[in-house]
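Observations on the model geometry
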Amino acid sequence: MSDLVIGDDGLARPTWAASDPLLRDYYDTEWGMPIRDERGLFERISLEAFQSGLSWVTILRKRPAFRAAFAEFDPDVVAAFGDSDVERLLGDSAIVRNRAKIEATIANAAATVALRAEGGLVDLVWSFRPETEPAAPESYADLRSTSPESVALSKTLRKRGFKFVGPTTMYALMQAVGIVDDHFVGSHRRGSSGVWPASSDRPGP
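This write-up is about the structure you can find in this document. What you see is a predicted model, and the numbers here were worked out from it, not measured in a lab.

**What to know about unusual backbone geometry**
Although it is not a glycine, A71 adopts a positive phi angle of roughly 50 degrees. Positionally, A71 belongs in the loop between α3 (56–69) and α4 (75–79). Of note in the backbone geometry, E72 takes a positive phi value of approximately 55 degrees without being a glycine. Mapping E72 onto the fold places it in the loop between α3 and α4.

Structure follows, in structure tokens:
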């Protein structure tokens, strides 16, 4: 239980979500909850890509600005962005100004639109849900940074034109959108997604 902190509300959270109010609210209301709509999933893939090399709280603080800059992450609109939009985004100090990540987001929007002919982004990403529930982690030592499924998802998305979708980034995505439940045993959020019933918890490796 050393990696869990009991808050002033009596609820247990991992240390990363225990102090900063923004992270605490994100953990309590969003992290690990299923995202099954195209725009929501495209947004999360985009933000995970921008997060690479940075802290998640940095991205979270900039999320309203990202949404404004990228047309609320409407794939059709973002896919149509051109050179002038790239320059506009590079001049926007409210977001992460990284040309490669900006151009990747535009490319990923186009790839998202193209995927509709094959069933769509949501069905593709969720098809990589593990067949059986991964062991419930009890501490940071039990957490993985990748999984066979995240490696396979990364390869599949890359083949379809996505960028900045490496296995580690895709595992973070799978954690964030509820495909795997990496809430610690004892956390008040464990089992809350409804994807994996809490009754099936078992100790981690």
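**Looking at the packing of helix α1 (residues 21–29) against α3**
The contact between α1 and α3 brings their axes to 10 Å, and the two run at 85 degrees. Classified by the angle their axes make, α1 and α3 are roughly perpendicular. Between α1, through L22, L23 and Y26, and α3, the contact on the second element is made entirely by W56, V57, L60 and R61.

**Description of the environment of P137**
Relative to the helices and strands, P137 resides in the loop between α7 (121–126) and α8 (148–159). Through-space distance from the C-alpha of P137 to that of G194 is 17 Å; in sequence the pair is 57 residues apart. Residues contacting P137, with those up to four places away along its chain left out, are D142, L143, D181, D182, H183, F184, V185 and R190.

**As for the pattern of salt bridges**
The tally for this structure, following the rule as stated, stands at 17 salt bridges. Of the charged contacts in the structure, one is a salt bridge between E30 and R63, with a shortest N-O distance of 2.8 Å. Placement of the pair is E30 in the loop between α1 and α2 (38–51) and R63 in helix α3, with a sequence separation of 33 residues. Residue class for E30 comes out partly exposed when judged on its relative accessible area of 24%. Linking D74 and R39 is a salt bridge whose minimum nitrogen-to-oxygen distance equals 3.1 Å. Pair noted here: D74 is in the loop between α3 and α4 and R39 is in helix α2, with a separation of 35 residues, a long-range link. On the basis of relative accessibility, which here comes to 17%, the residue D74 falls in the buried class. Taken together, the shared-partner salt bridges connect D8, D9, R13, R24 and D28 into one network.

What counts, and where the lines are drawn
Each chain has its residues counted from 1, running along the sequence as written. Side-chain atom pairs in this predicted model are given and counted only at pLDDT of 80 or more, local residue features only at pLDDT of at least 70, and totals for whole chains, interfaces and linings cover all residues. Hydrogens and water molecules were not included; the side-chain quantities draw on all heavy atoms of the structure. Here a strand is any run of E in DSSP of at least two residues, a helix any run of H or I of at least four, and the numbering for each starts at the N terminus. Axes, fitted as lines to C-alpha atoms, cover a helix only where it is in contact. Angles between the N-to-C directions of the axes lie from 0 to 180 degrees. We call two directions roughly parallel when the angle between them is under 35 degrees, roughly antiparallel when it is over 145, roughly perpendicular when it lies between 65 and 115, and oblique otherwise. Contacts are assigned to residue pairs that have any heavy atoms within 4.5 Å of one another. For this document, the term salt bridge refers to a Lys or Arg side-chain nitrogen within 4 Å of an Asp or Glu carboxyl oxygen. Buried, partly exposed and exposed residues are distinguished by accessible area as a fraction of the type maximum, computed with a 1.4 Å probe on protein chains only: under 20%, between the cut-offs, and over 50%, respectively.

So yeah, pure geometry; function would need other evidence.
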